[in-house]
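Observations on chain architecture
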Amino acid sequence: MHHEHEKDTLAFTHQLYAETPRQMAFQATTSAAAEAWQHDLRAKLTELVGGFPQEKCDLQPEVLASREFAGYTRETLQFKSRPHSVIFGYFLSPKNLSSSTPNPTILCLAGHGRGVDDIVGIEEDGSMRTEFGGYQNDFALQCVAHGYTVLAIEQFGFGHRRDAVADQKGGGSSSCQPSAGAALLLGQTMVGWRVYDAIRAFDYLSTRPEVDMNRLGIMGISGGGTTTFFTAAIDTRVKAAVVSGYFNTFRDSILSLSHCIDNYIPNVLQYAEMYDIAGLIAPRALFVESGTEDTIFPIEATRFAVNEAKAIFNCFNADDKLGFEVFEAGHSFHGVGAFEFLKQAL
């Protein structure tokens, strides 16, 4: 007997995965049982990501600057998420709206890279791009072009919210490591920290007369897709979520490939796969887009996961609320079917 494969660490983790029953996998056959399952898994997921503060601190919002562009107004702002943590972001209002008319609004979350500036067209030298660019294709500006009001916030560890070491290394350097590791040392997770920031961003939006709180969307790619996905699963104020370049199975991506440590939720596979968590969004709307050449989120696993999630959406009579687009490209924001879908969903 040759046990060569037993030296293979990936084979070992796949074996463990196969032997680990997911205790809260979706099994409901009635909508009442499905709702009870959602309630229980949502509580468990909140616990797994580290939980959230029992009391919310005052937001203390400040507008730092305001600038007019051809089609929209951009406010640079900040507000507090926690007593020792400030969220930085941009509030973008399409020009053709009166400020008293509430508008559907999308929270936009950038992936790894230069952070929030890179999705609102701001180059590293502070100048404005003349056309959509980067792997994220300025999707926050695309939302504005489609008529949505936008809040684009900096995620914890990116761009304007980094430690001094990452800051000195230039725009594309994140401080996910060590801060995501620090979270784990404290029994928390980066996913939990970023989801809570998104929850607080919705709290902030509720203070703005321009925002229709009944028509809230959330959109993100890559690491922003991660936060988008878990926020939509946990915060039911979200009516529609667009997840680009993330949705897959834990087994085929996060467990099998080398990812930034901000992706890891201890013990999650004892309870649920990614498609189960997608089921927490039903009967609200979820759109998934993924590139055929995305090397970190293999497309076949995405197809499989979408199919599994569809079964859960079906149980809620919401199969039209799960959209999916595959496009011929690598890890990048596509935004074709997504905006068609949002027209119906928001």
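Look above for the structure.
The present account deals with the structure reproduced in this document. (Residues numbered from 1 in each chain as written. Predicted model: local features only at pLDDT ≥ 70, side-chain atom pairs only at ≥ 80, totals over all residues. Heavy atoms only, no water.)

1. What to know about helix 5 (residues 176-185)
Buried residues of helix 5: Cys176, Ser179, Ala180 and Ala183, and no others. Down the axis of helix 5, the buried set is contained in an arc of 100°. They therefore lie on one face. Within helix 5, the exposed residues directed more than 90 degrees away from the buried face are Pro178 and Leu185. The elements touched by buried residues of helix 5 are helix 6 (190-205). Phi turns positive, to about 75°, at glycine 187, one or two residues after helix 5. (Buried < 20%, exposed > 50% of the residue type's maximum accessible area, 1.4 Å probe, protein only. Helix = DSSP H or I, 4+ residues; strand = E, 2+ residues; numbered from the N terminus. Arc of directions from axis to C-beta. Contact = heavy atoms within 4.5 Å.)

2. Regarding the pattern of salt bridges
For the coordinates displayed, the defined rule picks out 18 salt bridges. Measuring nitrogen to oxygen at the nearest pair gives 2.8 Å for the salt bridge that ties arginine 208 to glutamate 210. The buried category is assigned to arginine 208, whose relative accessible area is 11%. Judged by relative accessible area, which is 14%, glutamate 210 ranks as buried. (Salt bridge = Lys/Arg side-chain N within 4 Å of Asp/Glu carboxyl O.)

3. Observations concerning the layout of surface pockets
For the largest pocket, the calculated volume is near 210 Å³. Forming the walls of the largest pocket are Thr20, Phe250, Ile254, Leu255, Asn263, Tyr264, Ile265, Pro266, Asn267, Val268, Leu269 and Gln270. Residue composition of the lining of the largest pocket, grouped by class: eight nonpolar, four polar and no charged. (1 Å grid on protein atoms, 1.4 Å probe; cavity = no way out; pocket = protein on both sides within 12 Å on 5 of 7 lines; lining within 4 Å. Points joined across faces, edges and corners; volume = space filled by probe spheres on them. Nonpolar A, V, L, I, M, F, W, Y, C, P; charged D, E, K, R; others polar.)

4. Regarding unusual backbone geometry
With an omega dihedral of 20°, the bond running from glutamine 177 to proline 178 counts as a cis peptide bond. Note on placement: proline 178 falls in helix 5. Of the consecutive residues alanine 282 and proline 283, the connecting peptide bond is found in the cis state with omega at 0°. Residue placement: proline 283 occurs in the loop between helix 9 (274-278) and strand 8 (285-291). You will see that aspartate 138, though not glycine, has its phi angle at about 45°, which is positive. Structurally, aspartate 138 is set in the loop between strand 4 (103-109) and helix 3 (139-145). Phi at asparagine 317 takes a positive value of approximately 50°, unusual for a residue other than glycine. With respect to the helices and strands, asparagine 317 occurs in the loop between helix 10 (299-315) and strand 9 (322-327).

5. Overview of empty space enclosed by the protein
Sizing a probe to match a water molecule and rolling it over the atoms shows the empty space that remains. Overall, the coordinates contain one cavity of 30 Å³ or more when judged by the stated rule. Each pocket or cavity is described by its volume, and for the largest cavity that value is around 50 Å³. Lining the largest cavity are His112, Val191, Arg194, Gly223, Thr226, Thr227, Asp262 and Asn263. Those elements giving two or more residues to the lining of the largest cavity turn out to be helix 6 and helix 7 (223-234). With three residues, helix 7 is the largest single contributor of residues to the lining of the largest cavity.

6. What to know about the pairing of strand 2 (residues 72-82)
In terms of burial, strand 2 is a largely internal element, eight of the eleven residues being buried. Strand direction decides the pairing type here: strand 1 (residues 62-68) and strand 2, joined by six bridges, are antiparallel. Within strand 2, the position partnered with alanine 65 by the bridge is threonine 76. Counted along the chain from strand 1 to the antiparallel partner strand 2, the turn is three residues long. Taken together, the ten bridges between strand 2 and strand 3 (residues 85-94) define a ladder with antiparallel strand orientation. (Pairing = 2+ DSSP bridges.)

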